[in-house]
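So you can see what is in the structure, the chains are spelled out below.
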Amino acid sequence: LDSKSTLEQWHVTAIKSLWDVHADNINKHFDITETFLLPKLKKHASTIPDAAIIRSHRSLKAQVSSIQSSISVLRPGRLDKKYRRNLAHELNAYNSDLRDHFAFKKRSVLNQSKSAMTPFQWGRTLQKYMEKGGVEMGSFIHHMGVETFRQEWMSFCKLPQFLWGVHFKKGWEKFDNNWQRHVSALERNVAPSF
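Given the structure is predicted, the values throughout are model-derived calculations rather than measurements.

Cut-offs and rules
Position numbers for residues count from 1 along each chain, tracking the sequence in the order it is written. In keeping with the predicted nature of the model, local features appear solely for residues at pLDDT of at least 70, side-chain atom pairs appear and are counted solely at 80 or more, and the whole-chain, interface and lining totals rest on all residues. To obtain the side-chain values, all non-hydrogen atoms of the structure were included, while hydrogens and water were left out. Each axis is a line fitted through C-alpha atoms, and for a helix only the stretch in contact is used; angles between axes span 0 to 180 degrees, taken between their N-to-C directions. A run of H or I in DSSP counts as a helix once it spans at least four residues, and a run of E counts as a strand once it spans at least two, with each numbered from the N terminus. By the definition adopted for this analysis, an angle is roughly parallel if under 35 degrees, roughly antiparallel if over 145, roughly perpendicular if from 65 to 115, and oblique otherwise. Only heavy atoms matter for contacts: two residues are in contact if any of them lie within 4.5 Å across the pair. The residue classification treats Ala, Val, Leu, Ile, Met, Phe, Trp, Tyr, Cys and Pro as nonpolar and Asp, Glu, Lys and Arg as charged. All others, Gly included, are polar. Put simply, two rings from Phe, Tyr or Trp (the six-membered ring, in Trp's case) pair if the centres are within 6.5 Å, and we call them stacked under 30 degrees between planes, edge-to-face over 60, tilted for the rest. The rule is simple: take the accessible area with a 1.4 Å probe, protein chains only, and divide by the maximum for that residue type; under 20% is buried, over 50% is exposed, in between is partly exposed. Salt bridge, as applied in this entry: a Lys or Arg side-chain nitrogen positioned within 4 Å of an Asp or Glu carboxyl oxygen. N or O atoms closer than or at 3.5 Å make up a polar contact, with two conditions inside protein: a donor-capable atom paired with an acceptor-capable one, and, for residues adjacent in sequence, both atoms drawn from side chains. A crossing counts as left-handed when the near helix is turned anticlockwise from the far one by less than a right angle, and as right-handed when that turn is clockwise. A cavity here means a set of points on a 1 Å grid, drawn over the protein atoms and nothing else, where a 1.4 Å probe fits but cannot get out; a pocket is an open set with protein on both sides within 12 Å along at least five of seven lines, and a residue lines either one if it has an atom within 4 Å of a point. Grid points are joined across faces, edges and corners, and a volume is the space filled by probe spheres set on the points.

**Student:** Which residues make up the packing of helix 5 (residues 137–144) against helix 6 (residues 146–156), and what values do they have?
**Tutor:** One can describe the packing of helix 5 onto helix 6 by two numbers: an axis separation of 6 Å at closest approach and a directional angle of 100 degrees. Classified by the angle between their axes, helix 5 and helix 6 sit roughly perpendicular to one another. Residues Met137, Phe140, Ile141 and Met144 of helix 5 touch helix 6, and the partners they reach there are Val146, Thr148, Phe149 and Trp153. Looking at the contact of helix 5 with helix 6, its residues break down into seven nonpolar, one polar and no charged.

This is the structure in C-alpha cells:
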C-alpha cells in the first residue's frame, strides 16, 4: 500500500480476514507447542530450551496482539502516512522475529528431538501434533495439493480415506475461503466473489 492507495471496503475485509486467520493459527500453534509438543519432546531430548521457546512465544503473541489492534481500526479510504509507516514497521519486525523464532526452533528443538527419537516415535509425535491443530492443515493441504495430500500424505500416515471428508476437507475449505480467496483478490486487485 502506497501513499496514493485508496482502500475499498473489500480491501479492508480481505486484510482483516487474512490477519484474523493468521493470528488464530499462530496462537494455536504456540499453545499446542507449549502444552503438547515441548513436553513430549523433552522426554526424549532433555536439553531442549523450552523456556527460551516459551519466552519467544510470549513476545510474538504480544506482537500479534499489537498488529491486531492496528488492523482493527483500518477503514476504507486513503491511509494516513503515519499509520502506514507504523503498520509496516510492526509487520516487518514481526516477520523478522517470527523467522528467527522458527529458525531457532529448527536448530534447537527439531534437530535435537529427531536425533533422540526413532523415526516411528518422531512420526507419531508429529502426527499427533498436527491432529491437535499445531499446524494449520488448510494451508498445508493447499500447498501440497489436494490429490497429493489425499493419495500420498494420508497414505504415508496410514490415515483412512474417510477422514478426508470428515476432518481434512473442512480445514482446506476454511483456508480456501478465509485466506486464499482474499490473497488472490489482493494480488489481482479485484474484489473477491462471494
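**Student:** For the packing of aromatic side chains, give the residues involved together with the corresponding values.
**Tutor:** Remark: the centre distance and the inter-plane angle together describe each pair of aromatic rings, the angle taken between the planes. Under the definition given, this model contains seven aromatic pairs. Centre to centre, the rings of Trp164 and Trp172 are 6.3 Å apart; their planes meet at 45 degrees, and the pair counts as tilted. A relative accessible area of 7% places Trp164 in the buried class. A residue is classified by how much of its surface remains accessible, and Trp172, at 23% relative accessible area, is partly exposed.

**Student:** Please provide a residue-by-residue account of the pattern of salt bridges, values included.
**Tutor:** Enumeration according to the criterion identifies five salt bridges in this entry. We note a salt bridge from Asp31 to Lys61, for which the minimum N-O separation is 2.5 Å. With Asp31 in helix 1 (residues 9–42) and Lys61 in helix 2 (residues 50–72), the pair connects residues that are 30 residues apart, well separated along the chain. A relative accessible area of 23% places Lys61 in the partly exposed class. As a salt-bridge pair, Glu34 and Arg58 come within 2.8 Å of each other at their nearest N and O atoms. On the criterion of sequence distance, the pair formed by Glu34 in helix 1 and Arg58 in helix 2 is long-range, its members being 24 residues apart.

**Student:** So what about the environment of Asn178? Which residues, and what values?
**Tutor:** Within the secondary structure, Asn178 is located in helix 7 (residues 162–188). The spatial distance from the C-alpha of Asn178 to the C-alpha of Ala14 is 8.4 Å, given a sequence separation of 164 residues. If we ignore the near neighbours within four places in the chain, the residues touching Asn178 are Ser17, Leu18 and Val21.

**Student:** Describe unusual backbone geometry, with residues and values.
**Tutor:** Phi angles above zero are rare outside glycine, and Asn189 is one such case at about 55 degrees. Within the fold, Asn189 resides in the segment after helix 7.

**Student:** Can you tell me about the environment of Ser17, naming the residues and giving the values?
**Tutor:** Position of Ser17 relative to the elements: it lies in helix 1. For Ser17, a relative accessible area of 15% gives the class buried. Taking the C-alpha atoms as reference, Ser17 lies 9.8 Å from Asn177; in sequence the two are 160 residues apart. If we skip the residues at most four places from it in the chain, Ser17 touches Asn178 and His182. Of the polar contacts made by the side chain of Ser17, one reaches the backbone oxygen of Asn178; its length is 2.9 Å.

**Student:** Got a sec to walk through the packing of helix 2 against helix 3 (residues 81–116)? Specific residues and values, please.
**Tutor:** At a minimum axis distance of 10 Å, the contact between helix 2 and helix 3 shows a crossing angle of 160 degrees. The pairing of helix 2 with helix 3 is recorded here as roughly antiparallel in orientation. Between helix 2 and helix 3 the crossing geometry is left-handed. Here the contact of helix 2 with helix 3 is composed, by residue class, of 14 nonpolar, seven polar and three charged.

**Student:** Residue-level account of empty space enclosed by the protein, with values.
**Tutor:** All chains considered together, the criterion is met by one cavity of 30 Å³ or more. Roughly 50 Å³ of volume is contained in the largest cavity. Forming the walls of the largest cavity are Gln127, Met130, Glu131, Met137, Trp153, Leu159 and Phe168. Residue classes in the lining of the largest cavity are distributed as five nonpolar, one polar and one charged.

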